[in-house]
Amino acid sequence: MNDTGVVRDTETVFRRLSDPFPMVSPEATATAWWVLTIGVLIVGALFVIWMYARDSRTCHWYVAVPLAVLRMLVYVLLAIAFLLPAKQTWETTEKTSRVLILLDVSPSMTQIADDRASAGAPKPATRVQKVLDFLTDDRVAFLQKIIDKNPVFVYRFGGRLDDETRTVNPETPVWTKAEWESWANYDFKPWVLRGLSKEARDAVEKMPAWKAETPGNAEWAIAWSKLPEGEVVPGSLTEDEKKALLDNRTKLDKRTDVARSIVLGTNVPDSITAAINREAANMVQGVIVFTDGRSNLGSAAAYNELKERAAREKIPVFTVAVGEPRENIAITITDLQAPDRAPPDEPFKVAVEVDGVGLERQEVEVKLGLFLPGKDPKSAATDHELTAKLTFQPGDPPHGQVEFVIDADQLPESMTEEAKKDDAKRAGKRKQLKQGAWSMVARVATDKREIYDKPEHVSSPRVVQVLESPMRILLWASGPTREYQTLRTLLMREVNEKRAELSIFLQNEGGHEGNITQDVTPDRLLIKFPTRYETTPKPTDKSEDKYLNLHEYDLILAFDPDWSELSAEQIENLRTWVVEGGGGFVYVGGPIHTYQLARADESGRLKPLLEMMCALPDDIILLKTRPIPRTPRRLKLTPNAEFDVLKLDDATDDPVAGWEKFFSGKDKFVSTANQRDLLNPKNGFYSYFPLKMTKPGAAVLMEFLDVNERGEGEPKPYFVINQPGRGRTAFLGSGEMWRTRMVDPTFFERFWIRLGRNISAARRNVQSFRGQVLVNKEYSSGSMVRVQTRLLAPNGKPYPPDAISPKFIVEAYDPDGTKRAKPIGPIQMAAKKGAAGFDGYYQAQVLADAKQFPPGEFRYKVVVDVPDSPGDTISGEFMVRRSDPELDNARPDFTALVNAASSLKDVEPKITEPGVLERLKGSATDTGKVKLAFKLAEKDKLELIPACLKSDRKEFRNRGAVEDLWDKGATLPSWATGGRVVTISYLLMAAIGLLTIEWSVRKLARLA
């Protein structure tokens, strides 16, 4: 209570005067009893006068008068007894007003820090620490200004109000910030030591069981309370101190239960209402609530009840919002794509896919850490790190992808070794990657607005086996041209060195009949173009048909092929092999059949081919092209870092090294004013196939410098490359690269080996051809795990929507990596059809129930069987964290706090300081519409709250115990009363004594 003291005093009263009097109003009761009593006394006096006037004939007057007085005294004593004299006790109490401060101690206040710590900086303050900083700031003196007017009662709340309070007034010692933090965080050590002297507290703290270095949280309190008495109670304590300590210990279990229940959640409106109900009779001047306002318990109707209760009791509610209005920001590395296997002497790509909730069109830096074989990414330092920028594109959620090229030429010497293959050296590769199982980990820095306690988001390691593998080539020609024959010789040498695998399809009579010699084994001498594209062989496949499957090839080199021999299905398979399967396709134009593409109907059989080509040939017959020049022509070279295929000489770093040596015999191109010298080089090319157009995004690496009628150079596209989907295509204007051998035999080899490696790189390094599982990396317990997968048929195309019925299972792995015996599922998936139709995606979801999906360090793998491929699966992994309503959404709820706050109109009469009302009102004209809702950061406004609180004192006089006087008397001895307690009133004994004296004297006088 806020009573300042109780003063007791007594007075003598007549209880009869307060009894009801018949036929009289309560206000006149006392007067009626006095009239009655005095009237009876007057009648008695008249009777005595009459009686002794009559007796005066027989006795003298000086005898009669004293006897009359005695008789009147008897009547007076009886009248006094009738009025019931008593001693009334009064208690006078002076009560002062008070102010309540409610402090939210739920996890969203005690664990969340709105600021992010930078490297080397102290740990940022939590929300509750910021409140305590404010309350203990001597410069602001917020608490002191309130205490100067009213004592302050501080309550904690979370899921409900904690009934235990602490009082702050001028008489109590000032708490330090550490003591405030101990109280706010439910440190039970100070609570246990209540009521003990300093010496006793020191003795308890020195006991080993006290564990001075351990926080006094609930876990400590429960363990300490269960220890034997001898381990917690020092022998030096007095009996009173020992009793106090054991009493606190007995209550500790209940107290920890209360604390645990309070921090389970947040219920702002019900907690404030409970405080008002508890303190309504104590002249509360205001309730100041420090909270983030995010309630996860209670109902919306509780706010209406709070406002009604506060208005009825005339108690204003001030709300102070703690925390920053963070956006919903979340970064998730959804996938780290890399080939399962890659050759050591070829670059390969690693793709990192990232979701960025709330980060649409924003840029982040992605880091890719590389670990050499034998290194554990979880414990070892990164051997090398690559960085790239990623921009999140619009979507639900926003998503971005960035690619890294792992190239031995761009890595430190410690990660590479000298190239071992001759073909690699001829392709310009002097270094290659060290062979073995490389590990890769992607990292993205945590956004400063994220609720994430780690500085980086880190992906699971991805392992790539860097091992040597031959290039699988299909050499396809409509006839044995010189370029074809020279290249075939080169490729056969690669086959003999086990650096390549070669199949040949020659579209002439001998080729169709299979009775020609092309140096390859009979099963690799095809009599027709591959008829299918299936990533998984079927049990019914014949061995002789193995190489009729496009999946057996990484690269197709086509020399002016006859497209009329291919069916629509074969052409569609070729497109799928390039776009979906990552195949490399090089087309060398020629005068016999290439025109077919120029005359093709864009919606006809050749449409898939035209879609994937990097350029569209023109009709050479209709153009009536000029005759083949008699002198050679130069090529204009435009190097491209992505398609690095032009370098013929590795002696320098020039990306087009060797070409000038071929054209003019010089080491380097020298500009000249003589146009004739430029257009008529010593060596060059004589023909090109004209192009109608090059595709958008295609790179023109070579242009044929033709000469027009005016003798001027007119560049024509000659060598074009692009990347349609996963694979790459190239168009070469004529088959004349054999001419480079006249200058240096290695030029021809380097060009074709470089080109083959570059064009087929995507195919050789492609990770999966049959699908991919898309699943988030983390879910909260109790949420839905949404799984999406894309499944492709063996031909690389999506299945018809209802053709398959895919299912997935979830394999669970214990924290130590042990796989659990029984998986979860199977769970049926349904086809997902988008606006553009069905594209092979299927989806399903499963509830992350805590029984099936224990949260924590358990790892879960979604496994989908690949149709038509027994034993093959695709998978994705995720983890489940504990659901925490407190921390899952810790954004301050400013709207709720405005709803809970009273209006300025409720405190307007209390504000007397000049300027305060105007500052609170601002530009508003109606104080009823201005809410007493503040933010912790608004220090200039918070300092106005004490001015809205007045001090009030009231005196209350309460009737206490009544002690009757009329029946007080002497107690007779027990021997005279038979053991009973018998009291004879002094007033009665006096009346009887006086009456006895009067009667005796009167009788004697009359006898005399």
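What you are looking at is a predicted structure, and each value in this text was computed from that prediction instead of being measured.

**Comments concerning the sheet that holds strand β33 (residues 807–813)**
Then comes step 1: In spatial order, the strands read β31-β38-β37-β33-β34; together these 5 strands make up an open sheet with mixed pairing. If you trace the sheet from one side to the other, it starts and ends with β31 (778–780) and β34 (824–828), each paired once. Averaged over all pairs of adjacent strands, the angle between strand axes in this sheet comes to 30 degrees, irrespective of strand direction.
Then comes step 2: Bridging between strand β37 (residues 859–865) and strand β38 (residues 873–881) involves 6 bridges; their strand directions are antiparallel. By the bridge assignment for β38, Lys861 is matched with Glu877.

**What to know about the sheet that holds strand β28 (residues 713–722)**
Two orientations exist for strands paired in a sheet by backbone hydrogen bonds: parallel and antiparallel.
Then comes step 1: Strand order in this open sheet of 9 strands is β21-β20-β19-β22-β23-β29-β28-β27-β25, and the pairing throughout is mixed. Unpaired on one side and paired on the other, β21 (525–526) and β25 (635–637) mark the two borders of the sheet.
Then comes step 2: Judged from the 5 bridges that link them, strand β22 (residues 555–559) and strand β23 (residues 584–588) form a sheet pairing that is parallel. If you follow Ile556 over to β23, its bridge partner there is Phe585.
Then comes step 3: The strands touched by helix α15 (residues 482–496) within the sheet are β19 (471–477), β20 (500–506) and β22, with β20 carrying the most contacts at an inclination of about 150 degrees.
Then comes step 4: Along the sheet, helix α17 (residues 568–579) contacts β22, β23 and β29 (728–732); its crossing angle with β23, the most-contacted strand, is approximately 125 degrees.

**With respect to the packing of helix α12 (residues 268–279) against helix α13 (residues 301–313)**
Any two packed helices are characterised by the angle at which their axes cross and by the distance between the axes.
Then comes step 1: In contact at an axis separation of 9 Å, α12 and α13 are set at 25 degrees when each is read in the N-to-C sense. Between α12 and α13, the interaxial angle falls into the category roughly parallel. Taken as a pair, α12 and α13 cross one another with a handedness that is left-handed. Residue-level contacts link Val268, Pro269, Asp270, Ile272, Thr273, Ile276 and Asn277 of α12 to Ala302, Tyr303, Glu305, Leu306, Arg309, Ala310 and Glu313 of α13.
Then comes step 2: Considered class by class, the residues forming the contact of α12 with α13 number 8 nonpolar, 2 polar and 4 charged.

**Overview of unusual backbone geometry**
Then comes step 1: The omega torsion of the bond from Gly825 to Pro826 falls at 10 degrees, within 30 degrees of zero and hence cis.
Then comes step 2: By the element assignment, Pro826 lies in strand β34.
Then comes step 3: Its identity is not glycine, yet Tyr186 carries a phi of approximately 55 degrees, on the positive side.
Then comes step 4: For Lys498, which is not glycine, the phi dihedral falls at a positive 60 degrees.

**Description of a nonpolar patch on the surface**
Then comes step 1: A contiguous nonpolar surface patch, about 500 Å² in accessible area, is contributed by Trp34, Ile38, Ile42, Leu46 and Ile49.
Then comes step 2: Tracing the chain through its elements places Ile49 in helix α1 (residues 29–55).
Then comes step 3: With relative accessibility at 58%, the residue Ile49 sits in the exposed group.

**Let's talk about the UniProt feature "transmembrane region" (unreviewed entry) in the protein chain**
Then comes step 1: Mapped onto the present numbering, the UniProt feature "transmembrane region" (unreviewed entry) falls at residues 32–53 and 60–84.
Then comes step 2: For residues 32–53, the end-to-end C-alpha separation is 31 Å, with 100% helix and 0% strand making up the annotated structure.
Then comes step 3: Taken as a whole, residues 60–84 contains 88% helix and 0% strand, while its terminal C-alpha atoms sit 37 Å from one another.

**Section: the domain arrangement of the protein chain**
Then comes step 1: If you check the domain split of the protein chain, you get domain 1 (7–91 + 963–1007), domain 2 (98–159 + 268–326 + 895–951), domain 3 (185–264), domain 4 (330–460), domain 5 (471–765) and domain 6 (771–881).
Then comes step 2: For domain 1 and domain 3, the distance between their C-alpha centres works out to 65 Å.

**Considerations on the environment of Ala338**
Then comes step 1: Relative to the assigned elements, Ala338 resides in the loop between β8 (330–337) and β9 (341–342).
Then comes step 2: Note on Ala338: relative accessible area 3%, which makes it buried.
Then comes step 3: The spatial distance from the C-alpha of Ala338 to the C-alpha of Ala933 is 54 Å, given a sequence separation of 595 residues.

**Remarks on the packing of aromatic side chains**
Aromatic ring pairs are defined here through the distance separating the ring centres and the angle between the ring planes.
Then comes step 1: Scanning the model with the defined rule gives 38 aromatic pairs in all.
Then comes step 2: Summarising the aromatic geometry, the rings of Phe142 and Phe290 are spaced 6.4 Å apart at their centres and angled 85 degrees between planes, so their arrangement reads as edge-to-face. One end of the pair, Phe142, is in helix α5 (residues 142–147); the other, Phe290, is in strand β6 (residues 284–291), with 148 residues separating them in the sequence.
Then comes step 3: Residue Phe142 is classed as buried on the basis of its relative accessible area of 1%.
Then comes step 4: With a centroid separation of 5.3 Å and 75 degrees between ring planes, the pair formed by Phe838 and Tyr842 is classed as edge-to-face. Of the two residues, Phe838 and Tyr842, neither departs from the other in class, the shared state being buried.
Then comes step 5: Of the aromatic side chains, those joined through ring pairs into one cluster are Trp476, Phe505, Phe529, Trp563, Phe585, Tyr587 and Phe731.
Then comes step 6: Sitting above the plane of the Phe82 ring, Arg16 keeps its charged end 4.6 Å from the centroid.

**Comments concerning the side chain of Arg127**
Then comes step 1: Relative to the elements of secondary structure, Arg127 occurs in helix α4 (residues 127–135).
Then comes step 2: On the accessibility criterion, Arg127 (1% relative accessible area) is buried.
Then comes step 3: At 3.1 Å, the side chain of Arg127 and the side chain of Asp292 are in polar contact.

The rules we used
- Residue positions are given per chain, counting from 1 as you read along its sequence in written order.
- Per-residue local features of the predicted model are confined to residues with pLDDT of at least 70, and side-chain atom pairs are confined, for both listing and counting, to 80 or more; whole-chain, interface and lining totals are unaffected and use all residues.
- To get the side-chain values, take all heavy atoms of the structure and skip hydrogens and water.
- Only strands that DSSP links by at least two bridges are regarded as paired with each other.
- Think of it this way: any DSSP run of H or I at least four residues long counts as a helix, any run of E at least two long counts as a strand, and we number them from the N terminus.
- A fitted line through C-alpha atoms serves as each axis, taken over the contacting stretch for helices, and the angle formed by two N-to-C directions is quoted from 0 to 180°.
- Whether two residues touch is decided by their heavy atoms; if any such pair falls within 4.5 Å, the residues are in contact.
- With respect to orientation, any angle under 35 degrees is reported as roughly parallel, any angle over 145 as roughly antiparallel, any angle of 65 to 115 as roughly perpendicular, and every other angle as oblique.
- Crossings are classed by handedness, with left-handed meaning an anticlockwise turn of the near helix from the far one by less than a right angle and right-handed meaning a clockwise turn.
- Under the scheme applied here, ten amino acids are nonpolar (Ala, Val, Leu, Ile, Met, Phe, Trp, Tyr, Cys and Pro), four are charged (Asp, Glu, Lys and Arg), and all others, including Gly, are polar.
- Patch definition: residues above 30% relative accessible area lacking any salt bridge, with like charges linked at up to 9 Å and the nonpolar side chains Val, Leu, Ile, Met, Phe, Trp and Tyr linked at up to 5 Å.
- For every accessible area listed, the method is Shrake-Rupley and the probe measures 1.4 Å; residues are considered covered only by the protein chains on display.
- Salt bridges are counted wherever a side-chain nitrogen of Lys or Arg sits within 4 Å of a carboxyl oxygen of Asp or Glu.
- Think of it in three bands: with a 1.4 Å probe and only protein chains considered, a residue is buried below 20% of the maximum accessible area for its type, exposed above 50%, and partly exposed in between.
- UniProt positions are given in the numbering used here, feature names are shortened, and annotations may be inferred rather than shown by experiment.
- Delimitation of the domains relies on an automatic or database domain assignment.
- Pairing of aromatic rings covers Phe, Tyr and the six-membered ring of Trp, with a centre-to-centre limit of 6.5 Å; geometry is then stacked below 30 degrees between planes, edge-to-face above 60, and tilted otherwise.
- Geometrically, a lysine NZ or arginine CZ counts as sitting over a ring once it is within 6 Å of the ring centre and also within 35 degrees of the ring normal.
- Throughout this description, a polar contact denotes any pair of N or O atoms lying within 3.5 Å of each other; where both atoms belong to protein, one of them has to be capable of donating a hydrogen while the other can accept it, and for residues adjacent in sequence the pair is counted only when both atoms sit in side chains.

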